[in-house]
Structures are given as structure tokens and as C-alpha cells.
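This is what each chain is made of:
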Amino acid sequence: MVCRYYLHTSTAMQTQILGNATSISKQEQVLIIKTADAEARISLYSPGIVRVSVTKKTTADHSFAVIRQPANNLEYTENENEIIVATEVLKLKVIKSPLRFSFYTADGEVLSEDDERFGVTWQGDRVINYRKLYTDEKFIGLGEKTGDLNRRGCNYVNWNTDAPHHTPQTDPLYETFPFFIGLHSGLTYGLFFDNTHKSYFDFGASTDETMSWFGADGGDMNYYFFGAQGVAKIITDYTWLTGRMEMPPLWSLGYQQCRWSYMSAKEVLKIAKKFRKKKIPADVMYCDIDYMDDYKIFTWNKKTFADPKGMIDELKEMDFHLVTIVDPGIKVEPGYPQYDEGIANDYFATYPNGERYVGSVWPGRCHFPDFFRDDVREWWGASFTALTAPGVEGFWNDMNEPAAWGQNIPWLVKFGDRYMPEVRNVYGMEMARATYEGTRKILDNKRPFVLTRAAYSGTQRYSAVWTGDNSANDAHMLLGQRMVNSLGITGMSMVGVDIGGFSGDPTPELMVRWNSLGVYIPMFRNHAAIDTKMREPWVWSKENEAIIRKDIGQRYKLLPYIYSGYYQSCMSGIPLSRTLAIDYTQDKNVFDVKYQNQFMFGDAILVAPVESTQVIATVYLPEGDWYRLSTGKYYTGGNTIEVSAPLTDLPVFIKAGAIIPMQNVVQSTNEKGDGVLILDTWNGKEANSFVYYEDDGATYDYQNGTYYRRKLSFDPDNKRISIEETEGLFTSKYNKIKLVLHGFEKKLKTVVVNNTKVELSWDKKSQTSYCTFNNIDEAIQIKY
Ligand code: GLC
């Protein structure tokens, strides 16, 4: 955000601008264009994805993010002045003198061009790409960044940083996602700068609005250009390139209660019991750093957590899962197994002279594992038996920017052959990878839940993320939502924020409001710092407790829809929480700062976050028709509306034509429930469909066909609601379907379910008609 870096332009620093092409050749699937000082390597990954890598090195490159190989059909044409690489999706035009790269749609509309004067430049080791900026160009993306949805006119730095007490302006924060989407002239493109060095993005902030530029302190000008039309299609392509999440364990989608720290097993159990006694649904308890012996990773405090298995067994009996924190710093203490093993096998980062680097974190003086090595990742992963043996199934990776007090781990610190400046931004992801791969192996076929604070593009393959140490105020609540939505653009669907705010004490109103927003945050976790007041749902007042209970209950009712939403993330990379810029890209109101925090939760639910001090909200409803969830009131989209927004009723709207699968309230995801799948169908003018998905919620069997999937569709022209035939080998846990009709004619008394007339009942309170019938695997057709 804030301009706080400078490009040194001293005469001593050599400045080079990419010059003329001197030779062109194709080697295997790579088009190589040499200049006097550098070479550009162009490869095609798919018809919509072209990689351009401009380098001065001859060595092979490596990516932590990309999991795909180039396609084998790169073709080009050439004339005296230019080279053209064209696919059915896009066209890359390479001007030869001087070497410049411009991208177009397949039919020739400009998507993005190098600045003719500067293109790719080097200043010392720094490499920068200057690009043209279009009058109406907007930018979205970069993951966990403060600021507005539209990043035009702003600049950012990527340098993973432990940022306690950050403000809604602070930059950089904990994570690096050097991927953005550009929007102009009704067109879309994406650009992923795959460079792990400290990097910079300037979207016209410091260039008199004439250019945008991005660059890094080292490495190559190595980027992937996405030419597909449509933000969703670009996200799908980006996550095809960098990978997608796996189905999360179902329990991790329930309500999560965390605190730094519940100080003993007794306290953990007391809190868990209280949830059950008070009938507030919940699934997860956390142990923050105080469960350890002297903050030594993979140990338990022998006094306060004397019998971890006993505690976890008791938690399991109450249908709770436990997540424990791990930090990367290994305490320097001979006799502590992780230290001894790390020393014996040389697993830790060093200075160039081979001396081990020491930095101080919670345990005091620590060494830091070199997660870039296969054997270190394996060793780290295997160490989790200390946690999995008593029954832990969730692993919270913290302080992995990596953090050391004082923040500045010297650039001299080495991880194998790589120095700190090259790997800092990707250290956290490699730790999360080691944790994921190790625990996945140990837990056999069970899905581990991994949560990490630091991340780089591709982290979605291993872990969920949260947005670090936020604060207990409204601005942070709104910022958190923008960050969740922005992380969704960069492939991270499973994202959380510390609900209530990590630092400081929320007012009861803020806590209630943030909790009701949390229902629609992909990872629903309440967390607070050590010096704050207790935060559990019952500490606020009887009335507030009732609101919180009802809202958490709503989360559990929505789980069939949420789980299906995660399935969509796994299959296509489309996130659960979506900025409106994904579905309504060309609607400029969506970028208005007044409405920029609004988002779609899955395909059909629009949520408008409202500050805790407001009881009336101005909401922008994009095109289409909408219903307010709480009242069933109908609204025509493309309009701004003023609605009541008391603490009991966050403005949430359903898109007309939606079918939302829900269930009745359960106290945890492990509870069997009443076996009724509720299909809330909201009448509309347009046809619509939704893919319902279910599996065992716990294992990887779904990857071998043990899932339950069926398409739900609404067809107003033919007055038909269809539940298509079941696909997959899993048996649904719902043996009944309750069809609830919202906004249909009141005098509708019957429907025909597979040729049989079924009477509808009328629910006066919700003004809906409904009927219940058996869930069968064959297609079910409902005519109304
Ligand atoms: C860091 C984490 C926070 C955690 C604390 C103690 O500040 O961001 O979530 O509670 O460390 O482990």
C-alpha cells in the first residue's frame, strides 16, 4: 500500500533494457529468443496460458508453485519484425527490435502490452517489467493484501512478514501471491509472476498513471500470462497451473474455538463441555503454544497436559477434534530429540561458513529446519507422531514467515544452496507442505487439517490459511473479509480470520456481528491473544449468546451447501467466498468502496458485511433477482437498497432460481442428524443448476469413486425442479428430501414427484410451501 521502497538509480547501478533479438530457435517445446545479454524462453502450457521467462542464466529453473509441464504443441510464425504465437484463446506478439511482448485475444483485441520504451529491464540484480496501463484498467488479486478490491493506483511489496498489530494499510503481511487479474475494455487477463524474491507491484501508483510495473530483487522475469475471458475462467486456469485444494475434513468446516491459550487439559475440556451443555454447535478446540513443554515443538507440558490421549479421547467422545500449533523454530537444547536429530543430520539453516543460524522465538534460541530438503520434510513430517499418537488431527503452522524476534533473519542465512532473500517468501509453504505430506502419511487414509500463516502461490495444495494477528475493530472485520475474498482469487478457498479480532477486546456488538459474518467465512474460527478477555459465545450476555447460538446453528444448517461449495473449489479452483468481481466483473458498482466488501458465498448467497455500530445498511444487489434470506422479501437487482441490519440479522440475500441444500441443526458434524436433506428452492425467472456433493467427510476414498453427487436444477419455463440420478459409490446420509418452495404461488397446493401427486404444506412463519419425500438414487422430477 504505502510507498516505502525506492529503486536506486545511482549511476553505479547498472541499468539494462532488454535489447534486440539476435537469434530465434525452438528447443523441444520452448521458443528461445536470444539478445546480446539475455534470452527469452516462451512456452505454452495450455491454449490460455503462455509462459514468458526472460533470463540471463543458462541453468534450469525451478518452481515451487507450478505443477504442470509445457504442452507439446508450441507453434509460431515469424516475419522480419515480429514473431506470433497464436492459440484458439490468445495471441502473443513478440516484437523483435527491441524485444517486447504483447498479448491479445484470439481475435486481436489488446489484453496487455509491454511498455515499448522499457519492457523488461534490470538494475543490478533487480528485474522489472514495465507494462502499458489502460485508461479504464482495474486490477484485482495479490491474495492477502490490505487496501481496496480495485488495486489500481496502489503499490505492494511481497516479503512474508510477521505483522502483529498491523493496520488496514500495512504492507507487506504474511503471505505472497504474485498473481493478479487485469480488467479493461470489457476484457480480462491474468498474470502470475513466479518469482520468490522480494517482489513489487505498482498498479499505476507511482508512474503518473502511465504504466504499471512489477519486479523483484533477484531471479528472472518469469511470468505466466492467462488470456481466458472471464475472471472465473482465469482462476480455473491459474489453479490448474498451481494446483487445487483437496476436500477438507468435514469437521474443519464446523465452528472452531481457539485461544492463546487454553492453559491446561482441564480448561480445554471445560470449554468443550460448556459448548455441549449450552447447545452451541462446535467441532474444534485448539491448543496454542502453552500445551508444549517450554514451547518445544512435538512435546506436551507434563504438568498441565499430563495425559494428552485421555484429553483427546474425552474430546472425541464429545465429538470434538483437536488442532495443535507448531512453529518452525527448534529450541537449542541438547537432549531434546528434535534438536539432537537436527544436529546429527544437519537439518538446520546455516550461515555461509557452515555455522548454524540461531534466532530467538517463543522457546528462546532456535534453529530453523531447511524445509527445502526432501529428507528434512520427511523428518519433520514423521515427528508429528508425538501429536497424532494421542489423536490430534489438525496442525496449525505458525511463525513461518519465518519469524524471529527483531524480524530480520539475515540475508546471509542459507537453506542448502539458497539464501534467505530467495526463499523467505516460500518458507512457510514448504513447512506446510512438510506438515501436510507427513501427517497425511501418518494418518493413513484420513484427511489431515493443516493451517498456515505464511504462504506462497500453490499453498492451496497443502493447507488452509488465516490472515494473522488482526485487531478487534470494525475496520479489521471489513478488511478481513476483503482479504478472504482476495485470497480466493489466488486459489485459496479455505481461509479464515481471527473472528473477534486477535488483539484487543471487541465490544459485544462487534463480537456478535463478526460471528454472524463468520457463518459465511470459509473457515469459521474464533481466536484471541493471551492478554484479551475470554471470547467464548457465552461470555457476552444472555441475549447475545442466543444470537451467537442461532448464527452458529445457521452455519451447521448450511453445511451441505458449504461442502458442495468446497467440492467446486477442488474441481475448478473457484473459491467459496467470492468477491462480486468474479460473477459481476463488468458492473462498476462492485468496485465502489461502499460495496467492495460484499461477496458471494458459493453460487447463490450474497452477503453484505455491516459494521457493528450500524443498524441500517446500504446494499448493492447486482443484476438478477434476489430474496432476503431472513424475511423472504423479493428485490430486483441492479439496484442499491437500504435494509435494516440489526445485530440479529446480517443482510444476506439469495439469488432467485437457486436451490440451496441444507439440513436441520446438529451439534457437530459427527452427529448423524435426522436424515433430512432440505432443498430450499427460490423461485426465479431464469433456469439454474447446482452440483450437490457428499462423501464420508473424513477419508480419501472419494478420490476412488466413493462419493455421492447429483445435479439439482430449476427450470421455470417447464415448471420443473429436477434432482438428477446419483453418481458415485457413496450412500447419502440423508434418506429423506424436504423440498421447500420460496416465492412460489401461495395457492400452489400440490406438486407431482415422479408422476405421483404430493400435497404441499404451508409454513406460515416463513411463508413457504413444503413437502417431504424419500431420497432415492434414481432421478427425481418435481413438477409444480
Ligand atoms: C502468533 C499467531 C497467533 C498465536 C500466537 C501464539 O501471534 O499469529 O495466532 O496465537 O502467535 O502462538
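Going by the structure above, here's the rest.
What you are looking at is a predicted structure, and each value in this text was computed from that prediction instead of being measured.

The rules behind the values
- Residues numbered from 1 in each chain as written.
- Predicted model: local features only at pLDDT ≥ 70, side-chain atom pairs only at ≥ 80, totals over all residues.
- Heavy atoms only, no water.
- Helix = DSSP H or I, 4+ residues; strand = E, 2+ residues; numbered from the N terminus.
- Rg over C-alpha atoms; globule rule 2.2 N^0.38 Å.
- Buried < 20%, exposed > 50% of the residue type's maximum accessible area, 1.4 Å probe, protein only.
- Contact = heavy atoms within 4.5 Å.
- Areas by Shrake-Rupley, 256 points an atom, 1.4 Å probe, with all protein chains shown as cover.
- Pairing = 2+ DSSP bridges.
- Patch = residues over 30% accessible without salt bridge, like charges linked within 9 Å, V, L, I, M, F, W, Y side chains within 5 Å.
- Salt bridge = Lys/Arg side-chain N within 4 Å of Asp/Glu carboxyl O.
- Lys, Arg positive; Asp, Glu negative; His and termini not counted.
- Charge placed at Lys NZ, Arg CZ, Asp CG, Glu CD.
- Expected span 1.5 Å × (residues − 1).
- Polar contact = N/O pair within 3.5 Å; in protein donor to acceptor, adjacent residues only side chain to side chain.
- Near = heavy atom within 4 Å.
- Axes fitted to C-alpha atoms, helices over the stretch in contact; angles between N-to-C directions.
- Core = buried A, V, L, I, M, F, W, Y, C linked by side-chain atoms within 4.5 Å.
- Phe/Tyr/Trp six-rings, centres within 6.5 Å; stacked < 30°, edge-to-face > 60°.
- Arc of directions from axis to C-beta.
- Parallel < 35°, antiparallel > 145°, perpendicular 65-115°, else oblique.
- Nonpolar A, V, L, I, M, F, W, Y, C, P; charged D, E, K, R; others polar.

1. Points about the overall build of the protein chain
Of the regular secondary structure elements, the protein chain holds 12 helices and 53 strands. A globule of 784 residues ought to have a C-alpha radius of gyration of about 28 Å, and the protein chain, at 27 Å, matches this closely. Viewed in the frame of its principal axes, the protein chain has a C-alpha envelope of about 80 × 65 × 50 Å. Looking at the protein chain residue by residue over its 784 residues, the buried ones come to 63%. For the protein chain, the share of sequence-separated contacts (at least 6 apart) that also reach a separation of at least 24 residues comes to 69%. Total accessible area on the protein chain stands at roughly 28,700 Å², and carbon and sulfur atoms take up 49% of it.

2. Overview of the sheet that holds strand 24 (residues 330-331)
Taken in spatial order, the 3 strands make up an open sheet running 24-26-25, and their pairing is antiparallel. Each end of this open sheet is capped by a strand with a single partner; those strands are strand 24 and strand 25 (359-361). Pairing of strand 24 with strand 26 (residues 364-367), which is carried by 2 bridges, proceeds in the antiparallel orientation. Each residue of the ladder has a partner; that of Lys331, found in strand 26, is Cys366.

3. Re a positive patch on the surface
A cluster of basic residues, Lys266, Lys270, Lys274 and Lys277, forms a positive patch at the surface. Within the secondary structure layout, Lys274 lies in helix 2 (residues 265-277). The class of Lys274 is partly exposed, set by a relative accessible area of 35%.

4. Points about helix 8 (residues 474-489)
Taking 1.5 Å per residue, 16 residues should reach 22 Å; helix 8 reaches 23 Å between its end C-alpha atoms and fits that length. Of all the 16 residues making up helix 8, 15 are buried; the element is thus mostly covered by neighbouring parts of the structure. Looking at where helix 8 begins, the residue whose side-chain oxygen comes 3.2 Å from the main-chain nitrogen of Ala475 is Asn473. Note on helix 8: the residue one or two positions beyond its end, Gly491, has a positive phi of about 90°.

5. With respect to the pattern of salt bridges
Across all of its chains, the model carries 45 salt bridges by this definition. Taking the shortest distance from any N to any O, the salt bridge between Glu333 and Lys296 comes out at 2.8 Å. With a gap of 37 residues between them, Glu333 in the loop between strand 24 and helix 4 (337-344) and Lys296 in the loop between strand 22 (284-287) and helix 3 (308-317) connect regions that are remote in the sequence. The partly exposed category is assigned to Glu333, whose relative accessible area is 25%.

6. Quick word on the site of the ligand
In the vicinity of the ligand, the residues found are Trp260, Asp288, Ile289, Ile325, Trp362, Trp396, Asp398, Arg453, Trp466, Asp469, Phe502 and His527. A distance of 3.0 Å separates an oxygen atom of the ligand from a polar atom in the side chain of Asp398. Here an oxygen atom of the ligand sits 2.8 Å away from a polar atom, N or O, in the side chain of Arg453. For the ligand, whose accessible area on its own is 300 Å², the fraction buried by protein is 97%.

7. Structural notes on the sheet that holds strand 51 (residues 761-763)
Within a sheet, adjacent strands bond to each other through the backbone by hydrogen bonds, running parallel or antiparallel. Across the sheet, 5 strands lie side by side as 43-44-48-52-51; this open sheet has mixed pairing. Where the open sheet ends on each side, the last strands, each with one partner, are strand 43 (659-662) and strand 51. Direction aside, neighbouring strands of the sheet carry axes that sit 25° apart on average. When strand 44 (residues 676-682) meets strand 48 (residues 736-742), the two strands line up parallel, connected through 7 bridges. Residue pairing for strand 48: Val676 is matched across the bridge by Lys736.

8. Looking at a negative patch on the surface
On the surface, Glu724, Glu725, Asp777 and Glu778 cluster together into a negatively charged patch. Tracing the backbone shows Glu725 in the loop between strand 47 (720-723) and strand 48. A relative accessible area of 55% places Glu725 in the exposed class.

9. A look at the nonpolar core
In this structure, Phe192, Met311, Leu315, Trp380, Tyr520, Ile605 and Ile660 are the most contacted members of the largest nonpolar core, which totals 209 residues. With 9 residues, the single largest contributor to this core is helix 7 (residues 420-442). Excluding residues that lie within four positions of it along the chain, Trp380 makes contacts with Ile297, Phe298, Val326, Asp327, Pro328, Ile330, Pro369, Phe371, Met431, Ala434 and Thr435. Residues Leu31, Ile42, Phe139 and Tyr223 belong to the second largest nonpolar core, which totals 40 residues.

10. Remarks on the packing of aromatic side chains
Applying the stated criterion across every chain yields a total of 68 aromatic pairs. Note on Phe384 and Phe395: the rings are 5.2 Å apart at their centroids and 75° apart in plane angle, and the pair reads as edge-to-face. Here Phe384 is found in the loop between helix 5 (374-383) and helix 6 (385-388), whereas its partner Phe395 is found in strand 27 (residues 394-397), with 11 residues between them in sequence. There is no split in this pair, since Phe384 and Phe395 are both buried. Aromatic ring contacts, followed pair by pair, group Phe103, Phe139, Tyr156, Phe180, Tyr189, Phe193, Phe201, Phe203, Phe214, Tyr223 and Phe225 into a single cluster.

11. Regarding helix 4
Where helix 4 is concerned, the buried positions are Gln338, Tyr339 and Gly342. With its buried residues spanning 100° around the axis, helix 4 presents them on a single face. Tucked into the core, helix 4 has its buried residues touching strand 24, strand 26 and helix 5. Immediately beyond the C-terminal end of helix 4, within one or two residues, lies Asp346, with a positive phi of roughly 60°.

12. Considerations on the environment of Cys366
Mapped onto the fold, Cys366 is located in strand 26. Taking relative accessible area as the criterion, Cys366 reaches 0% and is therefore assigned buried. Between the alpha carbons of Cys366 and Pro609 there is a distance of 42 Å; along the sequence they are 243 residues apart. Residues within four places of Cys366 in sequence aside, it is in contact with Gly329, Ile330, Lys331, Val332, Tyr357, Val358, Gly359 and Val361.

13. Points about the packing of helix 8 against helix 9 (residues 508-518)
It is the contact of helix 8 with helix 9, at a shortest axis distance of 11 Å, that shows an interaxial angle of 10°. Classified by the angle their axes make, helix 8 and helix 9 are roughly parallel. Together, Asp474, His476, Met477 and Gln481 of helix 8 and Leu510, Arg513, Trp514 and Leu517 of helix 9 make up the contact between the two elements. Classifying every residue of the contact of helix 8 with helix 9 gives 4 nonpolar, 2 polar and 2 charged.

14. Focus on the environment of Asp587
With respect to the helices, strands and loops of the structure, Asp587 is situated in the loop between helix 12 (580-583) and strand 36 (599-601). Asp587 gets classed as buried once you look at its relative accessible area, which sits at 17%. Residues Asp587 and Ser97, spaced 490 residues apart in sequence, show a C-alpha to C-alpha distance of 39 Å. Side-chain polar atoms of Asp587 contact the backbone nitrogen of Asn589, separated by 3.0 Å.

15. Side note on the side chain of Thr188
If you trace the backbone, Thr188 turns up in strand 17 (residues 187-193). On the basis of relative accessible area, Thr188 is assigned to the buried category, the value being 2%. Reaching out from Thr188, the side chain makes a polar contact with the backbone nitrogen of Gly230 at a distance of 2.8 Å. Those residues in contact with Thr188 that sit more than four places away from it in its chain are Leu111, Gly182, Leu183, Gly227, Ala228, Gln229, Gly230, Val231, Ile234 and Thr585.

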